[in-house]
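What follows is each chain in one-letter form.
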Amino acid sequence: MTFVMRPAELDAAELEAKPLAPPNAEPLSGEIIVRGKVQFVNDDRTIISGVWESDPGTSRWEFLTRGEIVHILAGRMTVQRDGEEAVELTAGSAAYFPIGWTGVWTVVEPVRKLYVVYKPAA
């Protein structure tokens with residue numbers, strides 16, 4: 001089976017809104033509203049993919065037990081791994097956050113991304 005989704009075309013009303021909170025990330029600039037929809041999960045939950053949006057704000061992320069690959073569909077943000085320079089991500093950018101990545105994300109303009117979270121098999 002081939003799974004196909006069109007994350008850029010997904011209506012925002014189909015996304016679940018909630019405040020960003022641990023264990024995903026720690027908001028650093030007050031409440032940040034995020035919206036998302038999981039669109040694919042494999043049988044052993046080692047791969048999860050979907051669409052995620054975030055309002056502007058700064059948050060701390062720690063990928064200690066999972067990694068993530070993102071493709072930015074809209075908006076602008078910076079990501080800064082601890083001890084490194086910040087990198088800007090804009091529409092069309094892709095980024096890889098390996099297991100062990102820790103740092104800060106700053107959403108400058110509302111962001112929509114396609115994400116793939118991966119975890120080691122248990």
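Above this text sits the structure in question.
Keep in mind the model is a prediction, meaning the values are calculated, not measured. Position numbers for residues count from 1 along each chain, tracking the sequence in the order it is written. Local features in this predicted model are restricted to residues whose pLDDT is 70 or higher, and side-chain atom pairs enter the listing and the counts only when it is 80 or higher, whereas totals over whole chains, interfaces and linings include all residues. Remark: hydrogens and water are excluded; side-chain values derive from all non-hydrogen atoms of the structure.

### Focus: the nonpolar core
What makes a nonpolar core is a set of buried Ala, Val, Leu, Ile, Met, Phe, Trp, Tyr and Cys residues whose side-chain atoms join them at distances within 4.5 Å. Categorising residues by exposure relies on relative accessible area from a 1.4 Å probe, with only protein chains included: less than 20% of the type maximum marks a residue as buried, more than 50% marks it as exposed, and the intermediate range marks it as partly exposed. Trp 61, Met 77, Val 79, Phe 97, Trp 101 and Trp 105 are the most contacted members of the largest nonpolar core, which has 21 residues in total. Numbering of helices and strands runs from the N terminus; a helix is a DSSP stretch of H or I covering at least four residues, while a strand is a stretch of E covering at least two. For this core, the secondary-structure elements that each account for two or more residues are β4 (47-54), β6 (67-81), β8 (94-97) and β9 (102-118). Ranked by the residues each element gives to this core, the list is headed by β9, at 5 residues. For Trp 105, the residues in contact, after removing those within four places along its chain, are Trp 52, Gly 57, Thr 58, Ser 59, Trp 61, Phe 63, Glu 68, Met 77, Thr 78, Val 79, Phe 97 and Lys 113. Note on definitions: a residue-residue contact is assigned when non-hydrogen atoms from the two residues lie within 4.5 Å.

### With respect to the pattern of salt bridges
Close approach of charged atoms lets side chains of opposite charge pair. Any Lys or Arg side-chain nitrogen found within 4 Å of a carboxyl oxygen on Asp or Glu counts as a salt bridge. Throughout the structure, instances matching the rule amount to 10 salt bridges. When the shortest N-O distance is used, the salt bridge between Arg 35 and Glu 53 registers 3.0 Å. Pair noted here: Arg 35 is in strand β3 (residues 33-41) and Glu 53 is in strand β4, with a separation of 18 residues, a long-range link. Exposure class is identical for Arg 35 and Glu 53. Each is buried.

### Comments concerning the pairing of strand β7 (residues 87-90)
Relative to β7, β6 runs antiparallel, the two sharing 4 bridges. In the strand pairing of β7, Val 79 is matched with Val 87. Between β6 and β7, which pair antiparallel one after the other, the connecting turn spans 5 residues, and Gly 83 there sits at a positive phi close to 85°. A strand pair is defined by DSSP finding two or more bridges across the two strands.

### Side note on the side chain of Ser 54
Take Ser 54: it is sitting in strand β4. For Ser 54, the contacting residues outside a window of four places in its chain are Ile 32, Ile 33, Val 34, Arg 35, Val 107, Pro 110 and Val 111.

### Focus: the packing of aromatic side chains
Any aromatic ring pair is given by two values, namely how distant the centres are and how the planes are angled relative to each other. We call Phe, Tyr and Trp rings a pair once their centres come within 6.5 Å, taking the six-membered ring for Trp, and we label the pair stacked below 30 degrees between planes, edge-to-face above 60, and tilted otherwise. Applying the stated criterion across every chain yields a total of 10 aromatic pairs. Ring geometry for Phe 97 against Trp 101: centres 4.9 Å apart, planes inclined by 85°, an arrangement best described as edge-to-face. Counting every residue linked through ring pairs, the aromatic cluster contains Trp 52, Trp 61, Phe 63, Phe 97, Trp 101 and Trp 105. Placement of a charge over a ring requires the Lys NZ or Arg CZ to be within 6 Å of the ring centre, with the centre-to-atom vector within 35 degrees of the ring normal. We note Lys 113 situated over the ring of Trp 52; from NZ or CZ to the ring centre the distance is 4.3 Å. Of note, Lys 113 hangs over the ring of Trp 61, and the distance from its end group to the ring centre comes to 5.7 Å.

Just geometry here; none of it tells us what the structure is for.
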